[in-house]
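Report on the structure
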Amino acid sequence: MHIPKFAVRAIAEASTFSTAILQDRQTAASYKSVAGAAITALTKTFSTTSFQWAGVGGWQAANVYNDIMDYDLRTGEKNFRDTYGAYLFTISTSTAAQQKVSSTDNFNDDQLWWCLAMLRAYQNYGHKELLDQTIKQWKAIGANAQVFKADQGTKVTKGGITRKDPIPATCDVDGAVYWSSDATSGLNAISTGLYAQVGSWLYALTGDKQYLGPSQAALGWLQRMMMDTKTGILNIDSYTMDGCTKHFGSLTYNTGVYIGTLTSLYLSTGDVKYLNAANLSMTSTVYGGFGNGKDTPLVVDQQADLTKPGDGVQWRDVLFRNVADFYVSAGGKGGVSDGLKAQTRKWFKANYDQIQSKARFGDNYAANWFGLIKSGSDWGTGSVLSVLIGSMMV
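This structure is a prediction, so every number in the text was calculated from the model and none was measured.

As for unusual backbone geometry
In this structure, Ser102 is a non-glycine residue whose phi angle is positive, near 60°. Checked against the element boundaries, Ser102 lands in the loop between helix H6 (95-101) and helix H7 (108-125). Looking at Ser102, the relative accessible area reads 29%, which means it is partly exposed. One non-glycine residue, Gln303, lies in positive phi territory at about 70°. You can see Gln303 is positioned in the loop between helix H12 (272-289) and helix H13 (315-329). A relative accessible area of 23% places Gln303 in the partly exposed class.

Dropping the structure here:
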């Protein structure tokens, strides 16, 4: 399958991960081995009929697929092309498969997680169907769920959906995306951030500016309305339109997706404002922005009390994946200072060591990184993949 020249250039920049880079750290090869073994361990509970794992489904499964695609991208190998790559191809082309994994359900964030996984598979293996399905879903979400300044002071009807609460005239929604197609849905950081990230990836891969403007608008709303401007951490999770009510929450995956969007826009546009914004968020993150433990201040402790499956299991995974992507992609262009690189390595090592000492059980892992779960699982292993893979990269 032909890949556009612009995409080939972007892929080459993103995927350069030579043996020399692997050997940059003496133990890098062992990091690679540990990550590969964890992915292989996941096959034990994977269903080739549901395209998911026994304990990992829906949007969380999409993130595990994304991590596996990252492994193939960063190693330059195609170890999982004929398994998880092929399953993503099926998901992109089969309505029945899409229904099984909920990749086209009523939640915009669910859809967009799958779009990211499909785009990574497209980068790895080609197959335009993966790109086409991503474009189809992204465009539909934009038409049905993204709002702008002109929508303020109105009761929004788009895509056959009339929203229950009118948007207050003074409520800044310019660029935001509704969480779902439910009439009562609010506007949230994760759907808006993912819409921006998928759009920025589409722009990087195709060079088509139709993806750039809406992504920039979504990013602008996050920066104005959802972020602590001093730290670059997204600390507001959502708004509901009953009085433009804000709902606080510094969820790791919101900031992770934000960093990922900035990384992509910096690489594709060369505009230093995206680099500067990413460096601020990165600095806050790797100097302990999501860790408050006295003895382990760099270890991400969100969900430190987690003992069973739930949405929070995969939040941290998103942050680590996007931090690693920034380190490799922007760092390769000289956009990351030596000091920030060193601190990022230190941050990864602190979390990697914590996981290895408190959550590893053979090649399987627990989702609690503080010793509250005494056995490994597929949902636990999926939750640590981006730490394992990121450690291999940094």
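Considering H13
End to end, H13 covers 22 Å across 15 residues, agreeing with the expected 21 Å (1.5 Å per residue, within 8%). Of all 15 residues in H13, 14 are buried; the element is thus mostly enclosed.

Comments concerning the sheet that holds strand E8 (residues 236-240)
The strand order E5-E8-E9 describes an open sheet built from three strands, whose pairing is antiparallel. Two strands close off the open sheet at either side, each with one partner strand: strand E5 (187-188) and strand E9 (245-248). Here E5 pairs with E8 via two bridges, running antiparallel. Within E8, the position partnered with Asn188 by the bridge is Ser238. The sheet contacts of helix H10 (residues 212-226) involve E5 and E8, and relative to E8 the element is tilted by about 95°.

Some points on the nonpolar core
One finds Trp53, Tyr65, Tyr84, Leu88 and Trp113 to be the most contacted residues of the largest nonpolar core, which totals 124 residues. Of all the elements, H7 adds the most residues to this core, at eleven residues. In contact with Tyr65, other than residues within four places in its own chain, are Phe46, Phe51, Trp53, Tyr84, Tyr87, Leu88, Ile91, Trp114 and Ala117.

Quick notes on the packing of aromatic side chains
Applying the stated rule across the entire model yields 25 aromatic pairs. On the basis of an interplanar angle of 70° and a centroid distance of 5.0 Å, the ring pair of Phe46 and Trp53 is categorised as edge-to-face. The residues Phe46 and Trp53 share a single accessibility class, namely buried. When the centroid spacing of 6.0 Å and the interplanar angle of 55° are considered together, the rings of Phe51 and Tyr87 count as tilted. Taken together, the residues Phe51 in the loop between strand E1 (46-47) and strand E2 (52-53) and Tyr87 in helix H5 (residues 81-93) connect sequence positions 36 residues apart.

Reading the values: the criteria
- Residues numbered from 1 in each chain as written.
- Predicted model: local features only at pLDDT ≥ 70, side-chain atom pairs only at ≥ 80, totals over all residues.
- Heavy atoms only, no water.
- Helix = DSSP H or I, 4+ residues; strand = E, 2+ residues; numbered from the N terminus.
- Buried < 20%, exposed > 50% of the residue type's maximum accessible area, 1.4 Å probe, protein only.
- Expected span 1.5 Å × (residues − 1).
- Pairing = 2+ DSSP bridges.
- Contact = heavy atoms within 4.5 Å.
- Axes fitted to C-alpha atoms, helices over the stretch in contact; angles between N-to-C directions.
- Core = buried A, V, L, I, M, F, W, Y, C linked by side-chain atoms within 4.5 Å.
- Phe/Tyr/Trp six-rings, centres within 6.5 Å; stacked < 30°, edge-to-face > 60°.

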